[in-house]
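Each chain, letter by letter, is given below.
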Amino acid sequence: MKSIAELCKQIKGIYNIDGNANTQITGISSDSRDIEPGYLFVCFAGVHTDGSKYAAQAVEKGAVAILTTKHLPLPQKAVQIMVPDVHHAVEDMVPYFYDYPGKKMRMIGVTGTNGKTTTSHIIAHILRAAGHHVGVLGTIHALIDDEELPIHNTTPDVIELQRFLALMYDRGMTHVVMEVSSHALALNRVAGIEYDTAVFTNLTQDHLDFHKTFENYLAAKAKLFQSLSREEHVKDNKTAIVNIDDAYADGILKACHCRVLTYGVEKKADLQGANLSVELKHSAFDVTGPFGTVHLKMNITGLFNVYNTLAAIGAAHAEGVDLATIEKALQDFHSVPGRFELVEAGQDFAIVVDYSHTPDSLEKALETARDMKPKRILAVFGCGGDRDRTKRPIMGRIAAEKADIPIVTSDNPRSENPDAIVAEVEAGVKEGLHPGQQHEVIVDRRQAIYRAVELAQPGDIVLIAGKGHEDYQILNTGTIHFDDREVARDAVLALKGR
Ligand SMILES: CC(=O)N[C@H]1[C@@H](OP(=O)(O)OP(=O)(O)OC[C@H]2O[C@@H](n3ccc(=O)[nH]c3=O)[C@H](O)[C@@H]2O)O[C@H](CO)[C@@H](O)[C@@H]1O[C@H](C)C(=O)N[C@@H](C)C(=O)N[C@H](CCC(=O)O)C(=O)O
Ligand SMILES: Nc1ncnc2c1ncn2[C@@H]1O[C@H](COP(=O)(O)OP(=O)(O)OP(=O)(O)O)[C@@H](O)[C@H]1O
Ligand SMILES: N[C@H](CCC[C@H](N)C(=O)O)C(=O)O
Ligand SMILES: [Mg+2]
């Protein structure tokens, strides 16, 4: 609990308080639906609505104060804190409110276009094997040791993030491994956190709807690495783990003013992967690092997972985990839900559900499937609505070039018209098709998956891309339950029953 006066003292700019500054605050939320007695309600102007419209409702639910840009007429009494920029004020107040949990635990941040979730999970797995209590924050969920909690964003906003971190600290977590999205870096959702180890996976096209230019996107990612050498740090031993094979590695390295460990397969790196072999369920490779050379056999596959594993080894090494522990932990790491996940329902072809929803990840997933020497690849995929439109034709072209039969379908159309989205994807497919190559467009994702299963022959791979672990489809009429793995299984069983 902190008083309004104490909280406001943290604000770096000007503020005005209308009401009793000694009022005690028990919690902070920007969502009126989550307000409890004694809370401070923060009015954010959002994309869909303006939080200030819900201030009265928040006060009715027990909020004793509101943080706003302008004085609001409220039916009930509440202290009003007025600031020019609510986001900036929140960045100053909220980490202080929670006593800076993100400066008290070892913080490992993973950023990059693809591979954040996978890499974070591998790092967490190794750290746990080393006996640490580890919290995880990312796309799929938050984990406090084994306890799973739902999460709203890959990297939640400052308020939700600090609340999670405080809970983790209270529950005895010593390390937190978290995905740090480019949105989070651009919007400073990570305010008040001091990272100790930061990982760069790669940078390829995504989110240009938000960042506008690739330079802005890179600049957002680079912020995580710049943060490792800030002066106000209370902990030492900062390390950046950088994929040297990535085209934008230099841009990231320029931002690093701390110890750097590079990893890669093509270029010379501090952690060098070599002698790779990739099969449907396994991969094997050698890693040479500051600790010598070790041969690894993994239960995850794909060249991209070799990179994710190298990154994780680098992070674990930076966090002081010894090689024997790393090696042992990696042997019993199993795949992350929805990342190159096999669906086995007794069919004589392979079905892979994968979260590739960017041009690069779709290409990597298709290349990985090709490495397995299938007879043919049938790729069911789509592109999200209300997201970077420019990636649609690119993903279409890649699917046509890298799969034998591309099947375009819907992937969370959100507020957009699904027919219009698939048309944009199909335009790219048509560019990539070779003469006589079959392609299909089936807007309904269930029907598209059924069609792929119907077309599949022994020895084929059906890659169902884009939704991975997601168990929903976001339509303009609402969100429905939809799980690619369930639907694929149903499709196989339905076909057998014919
Ligand atoms: C575009 C965007 O970033 N939107 C974020 C934003 O939501 P919003 O602006 O739509 O909020 P809004 O619905 O207009 O509401 C405005 C305010 O009114 C409040 N409200 C609203 C209704 C009500 O009854 N009461 C109430 O108090 C809301 O809590 C909010 O504070 O604020 C929300 C709360 O912080 C976020 O969850 C939400 O992320 C949405 C879900 C999202 O999809 N964001 C994506 C673009 C994103 O951030 N992605 C990145 C990258 C992932 C990756 O790596 O690929 C991520 O980190 O997740
Ligand atoms: N290192 C990598 N390079 C390229 N593609 C990758 C890499 N790792 C995973 N992928 C592909 O990207 C997909 C998503 O992987 P993952 O969930 O780990 O990435 P992410 O960065 O967390 O994604 P998001 O931005 O949605 O949070 C995987 O299903 C796989 O197809
Ligand atoms: N974190 C990503 C997830 C995309 C998942 C895909 N299924 C889609 O809906 O586009 C985003 O919000 O852009
Ligand atoms: Mg993720």
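The rules behind each value
- Residues numbered from 1 in each chain as written.
- Chains lettered and ligands numbered in written order.
- Predicted model: local features only at pLDDT ≥ 70, side-chain atom pairs only at ≥ 80, totals over all residues.
- Near = placed C-beta within 6 Å.
- Nonpolar A, V, L, I, M, F, W, Y, C, P; charged D, E, K, R; others polar.
- Pairing = 2+ DSSP bridges.
- Helix = DSSP H or I, 4+ residues; strand = E, 2+ residues; numbered from the N terminus.
- Axes fitted to C-alpha atoms, helices over the stretch in contact; angles between N-to-C directions.
- Domains from an automatic or database assignment.
- Contact = placed C-beta atoms within 7 Å.
- Buried ≥ 20, exposed ≤ 12 C-beta atoms within 10 Å, placed from the backbone.
- Arc of directions from axis to C-beta.
- Parallel < 35°, antiparallel > 145°, perpendicular 65-115°, else oblique.
- UniProt positions renumbered as here; feature names shortened; annotations may be inferred.
- Left-handed = near helix turned anticlockwise from the far one by under 90°.
- Right-handed = clockwise from strand over helix to strand, strands pointing away.

1. Side note on the site of ligand 3
Neighbouring residues of ligand 3: T154, H357, G384, R387, D411, N412, G466, K467 and E470. Considered class by class, the residues forming the shell around ligand 3 number no nonpolar, five polar and four charged.

2. Regarding the sheet that holds strand β10 (residues 142–144)
Across the sheet, 11 strands lie side by side as β11-β10-β9-β12-β8-β13-β14-β15-β16-β17-β18; this open sheet has mixed pairing. Each having just a single partner strand, β11 (147–149) and β18 (292–298) make up the two edges of the open sheet. Strand-to-strand twist in this sheet, taken as the mean axis angle between neighbours without regard to direction, amounts to 15°. The sheet contact formed by strand β9 (residues 134–137) and β10 spans three bridges and is antiparallel. Across the sheet, G135 pairs through a bridge with I144, a residue of β10.

3. Let's talk about the site of ligand 2
As a matter of local geometry, ligand 2 sits amid 22 residues, with G115, K116, T117, T118 and S361 nearest to it. Breaking the shell around ligand 2 down by element, the ones donating at least two residues are α4 (116–129), α10 (303–318) and α12 (359–371). For the shell around ligand 2, the element with the highest residue contribution is α12, accounting for four residues. In the shell around ligand 2, the residues fall into four nonpolar, 12 polar and six charged. Each of domain 2 (101–332) and domain 3 (341–496) gives at least three residues to the shell around ligand 2.

4. Focus on the sheet that holds strand β22 (residues 405–408)
Spatially, the six strands line up as an open sheet ordered β19-β20-β24-β21-β22-β23, and their pairing is mixed. Here the strands that pair on one side only, and so sit at the sheet edges, are β19 (341–343) and β23 (440–441). In this structure, strand β21 (residues 377–381) lies alongside β22, joined through four bridges in parallel fashion. Residue pairing for β22: F381 is matched across the bridge by V408. Helix α14 (residues 418–432) rests against β22 and β23 of the sheet, and its axis sits at about 160° to β22.

5. Let's talk about helix α11 (residues 323–331)
Because the α-helix completes a turn every 3.6 residues, residues three or four places apart line up on one side. Listed as buried for α11 are I326, A329 and L330. The buried side chains of α11 occupy one side of the element, clustering within an arc of 95° when seen end-on. Counted as exposed and oriented over 90 degrees from the buried face of α11: A324, K328 and Q331. In the core, the buried residues of α11 are packed alongside α4, β18 and α10.

6. Details of the packing of α12 against helix α13 (residues 391–402)
Closest axis-to-axis distance for the α12/α13 pair is 9 Å, and the angle between their directions is 10°. On the basis of the axis angle, α12 is roughly parallel to α13. Along the contact surface, α12 presents P359, L362, E363, L366, E367 and R370, while α13 presents K391, I394, M395, I398, A399 and K402. A per-class count over the contact of α12 with α13 returns seven nonpolar, no polar and five charged.

7. Some points on the UniProt feature "binding site: UDP-N-acetyl-alpha-D-muramoyl-L-alanyl-D-glutamate" (unreviewed entry) in the protein chain
Per the UniProt entry, the sites bearing "binding site: UDP-N-acetyl-alpha-D-muramoyl-L-alanyl-D-glutamate" (unreviewed entry) are S32, N153, T154, T155, S181 and R189 in this numbering. Annotated residues spanning 158 residues; largest pairwise C-alpha distance 25.5 Å, indicating distribution over more than one region. Position of S32 among the secondary structure elements: in the loop between β4 (27–29) and β5 (39–42). Classification of S32 as buried rests on a count of 20 C-beta atoms within 10 Å. Not counting the four nearest positions on each side in its chain, S32 is found in contact with F41, Y54, Q57, A58 and K61.

8. Regarding the packing of α13 against α14
The N-to-C vectors of α13 and α14 enclose an angle of 45°; their axes lie 6 Å apart at closest approach. With respect to their mutual orientation, α13 and α14 come out oblique. Of the two possible hands of crossing, α13 and α14 adopt the one that is right-handed. Seen from α13, the contacting residues are R392, P393, I394, M395, G396, R397, I398, A399, A400 and E401; seen from α14, they are I421, E424, V425, E426, A427, G428, V429, E431 and G432. Its residues placed into classes, the contact of α13 with α14 shows 10 nonpolar, three polar and six charged.

9. Topic: the pairing of strand β6 (residues 65–68)
The two faces of β6 match: A65 and L67 on one face and I66 and T68 on the other face are all buried. The sheet contact formed by β5 and β6 spans three bridges and is parallel. From the neighbouring strand, L40 faces β6, where its bridge partner is A65. This β-α-β element, β5 to helix α2 (residues 55–60) to β6, shows right-handed connectivity. Of the strand pairs in this sheet, β6 and strand β7 (residues 79–82) are connected by four bridges, and their pairing is parallel.

10. Considerations on the domain arrangement of the protein chain
Along its sequence, the protein chain is carved into domain 1 (2–97), domain 2 (101–332) and domain 3 (341–496). Put simply, the middle of domain 1 and the middle of domain 2, counted by C-alpha atoms, are 34 Å apart. Counting residues at the interface gives eight residues for domain 1, matched by seven residues for domain 2. Take the side of domain 1 that touches domain 2: its biggest share by element is four residues, from helix α3 (residues 86–97).

11. Section: unusual backbone geometry
It is generally the case that most residues other than glycine have a negative phi and that most peptide bonds are trans. Of note, the phi angle at K373 is positive, near 55°, even though the residue is not glycine. You can see K373 is positioned in the loop between α12 and β21. Phi at N412 is positive, roughly 50°, even though this residue is not glycine. The topology assignment puts N412 in the loop between β22 and α14. Owing to 24 C-beta atoms within 10 Å, N412 belongs among the buried residues under this scheme.

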